[in-house]
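The primary structure of each chain is shown beneath.
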Amino acid sequence: MTDADFDFQRIFQLTTAPHAVLDADFRILLVNDAYCASVGVGRETLIGAHLLELFPGDEERQALVSNAFLTALSGQVASLKELHYAISDPTDPAAPKQDMWWTLDCIPMPPHPTHGPVFLVRVENVTEEVQARGKRDLFASELQHRIGNVLTLVQIIARKTAQSSEDLNAFRATYESRIRALGKTHAFLSGTNWDGMTVRQVLEQQIQSELIDRVDAIQISGPDWRMSVLHAQTFAMAVHELISNAMEHGALATATGKVEITWDRPQDGSHNFVWKESGVSGLVAPDETGFGMQMLTKLLPGQLGGKAVCAFTPTGFHYMLVVPEDVIVPVGQ
């Protein structure tokens, strides 16, 4: 059997990888079915078309492709890795183009008796690989950012807890409680809630983690708002401090005390979070400001770009946090 006995076009069409044969003017002479399917364009449109005109791009990209074609025409193999092209949907011309990435291998061929110098272009759609790598890189960057935020919070918690603790035992008990609260929020955000938490989720998680005996004394009311990861972590720590204080000195330490938690949006576009305790008798402000109050009045409003107001009324502790509109968004947006 000689080379002439092979039916080149039949073999060419059976090839599963997308291939096209181009002439010296970069016009398409032959394409296989896999090529048509890959670019989403029919054979009748491709044959005779100038490839760079059929798939236009910016000057830099067109120059890269042209140089690769010329290299193949000179007798050398040329390759282009992960070349970006936006391809239209042939079934819906009005639809926006889809970002796609391609690897091109330009391979020299013997001159054709009629068409003269020709070369083969082998195409591979590597869009899934490129997008998967982009997602992995984004995930790694986000994970590194989150770990950095958590470590910063841990350092602040350790330093501030140490400053307000009377001895090592007191430090250890308070520090471990705060780290557990932070850890639960971090674990929640590392699961299926990668994009953040709602205000209600933060509150319910912290209430459950504290094993409060008088859960029925807490009333929660507010719309379905979501907070970013960074804001949710700090907000969770603030809620932990509110609950701990209420259990030790406030409404949750008495049989008649109650806590009302609400959040809403006034007409000025900001968002309000209100913690209001009642049923306490003779409450007075502490002589010293510990980590909890610093978290509520400085760290949390500072990170969220808002402001906080608190008051030790005779019947219970009141706290209000006001944050800008862009800090919290309705779920679904």
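Our subject is the structure that appears above.
Small disclaimer: the values here were computed from a predicted structure and weren't measured. (Residues numbered from 1 in each chain as written. Predicted model: local features only at pLDDT ≥ 70, side-chain atom pairs only at ≥ 80, totals over all residues. Heavy atoms only, no water.)

**Details of empty space enclosed by the protein**
In this structure the tally under the stated criterion is two cavities of 30 Å³ or more. Its volume calculated, the largest cavity comes out at about 160 Å³. For the largest cavity, the full set of lining residues is Tyr35, Val39, Leu51, Leu52, Phe55, Val65, Tyr85, Ile87, Trp102, Leu104 and Val123. Among the elements of the structure, helix H2 (33-39), helix H4 (51-54), strand S3 (78-87) and strand S4 (98-108) are those that each provide at least two residues to the lining of the largest cavity. By volume, the second largest cavity is sized at about 70 Å³. Put simply, the parts of the chain that give the lining of the second largest cavity at least two residues each are strand S8 (225-227), strand S10 (271-278) and strand S12 (316-323). Looking at the lining of the second largest cavity element by element, the count peaks at three residues for S10. In terms of residue class, the lining of the second largest cavity is made up of 10 nonpolar, two polar and no charged. (1 Å grid on protein atoms, 1.4 Å probe; cavity = no way out; pocket = protein on both sides within 12 Å on 5 of 7 lines; lining within 4 Å. Points joined across faces, edges and corners; volume = space filled by probe spheres on them. Helix = DSSP H or I, 4+ residues; strand = E, 2+ residues; numbered from the N terminus. Nonpolar A, V, L, I, M, F, W, Y, C, P; charged D, E, K, R; others polar.)

**Some details on the layout of surface pockets**
The probe, sized like a water molecule, is rolled over the atoms to show the empty space still left. In this structure, the largest pocket encloses a volume near 940 Å³. Arg178, Asn245, Glu248, His249 and Gly290 are the residues nearest the centre of the largest pocket, which is lined by 33 residues in total. Every element with two or more residues in the lining of the largest pocket is listed here: helix H6 (127-164), helix H7 (168-189), helix H9 (229-248) and helix H10 (291-304). Looking at the lining of the largest pocket element by element, the count peaks at six residues for H9. Taken together, Phe8, Gln9, Val21, Leu29, Leu30, Met109, Pro110, Pro111, His112, Pro113, His115 and Val118 form the lining of the second largest pocket. Of all the elements in the fold, those that place two or more residues in the lining of the second largest pocket are helix H1 (8-14) and strand S2 (28-31).

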